[in-house]
Amino acid sequence: MTALPAHPSLGQLRHQAKDLLHAARDGDDAAEARLRAVAAGQTLAAAQLAVAREYGFGSWAALKVAVQ
């Protein structure tokens, strides 16, 4: 689990999710594995969930609430 930065930015977290999705769609094995760990498909929702889980949250919505 990765710790959130001292002053997390929701915009930056969204960017991380989009980067993860693009990497998976481009064939990056590690990115694909991160998405498969949380969902069956390669969707933005799956990427957001993967990012949220890596920061220790159960959902993207819970991460958003903590950041806002």
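These figures come from a predicted structure and were not determined experimentally.

Peer 1: What is the right way to look at helix α2 (residues 29–36) in this model?
Peer 2: Note that an α-helix has 3.6 residues per turn; residues three or four places apart therefore point the same way. When α2 is considered as a whole, its buried residues turn out to be Ala-31, Glu-32 and Leu-35. Considered in projection along α2, the buried side chains sweep an arc of 100° and stay on one side of the axis. Along α2, the residues that are exposed and aim more than 90 degrees away from the buried face are Asp-29, Ala-30 and Arg-36. Structurally, α2 contributes buried residues whose contacts are with α1 (10–25) and α3 (44–54). Taking the backbone nitrogen of Ala-30 as reference, a side-chain oxygen 2.9 Å away marks Asp-28 as the first, capping residue of α2.

What counts as what
Residues numbered from 1 in each chain as written. Predicted model: local features only at pLDDT ≥ 70, side-chain atom pairs only at ≥ 80, totals over all residues. Heavy atoms only, no water. Buried < 20%, exposed > 50% of the residue type's maximum accessible area, 1.4 Å probe, protein only. Helix = DSSP H or I, 4+ residues; strand = E, 2+ residues; numbered from the N terminus. Arc of directions from axis to C-beta. Contact = heavy atoms within 4.5 Å. Polar contact = N/O pair within 3.5 Å; in protein donor to acceptor, adjacent residues only side chain to side chain.

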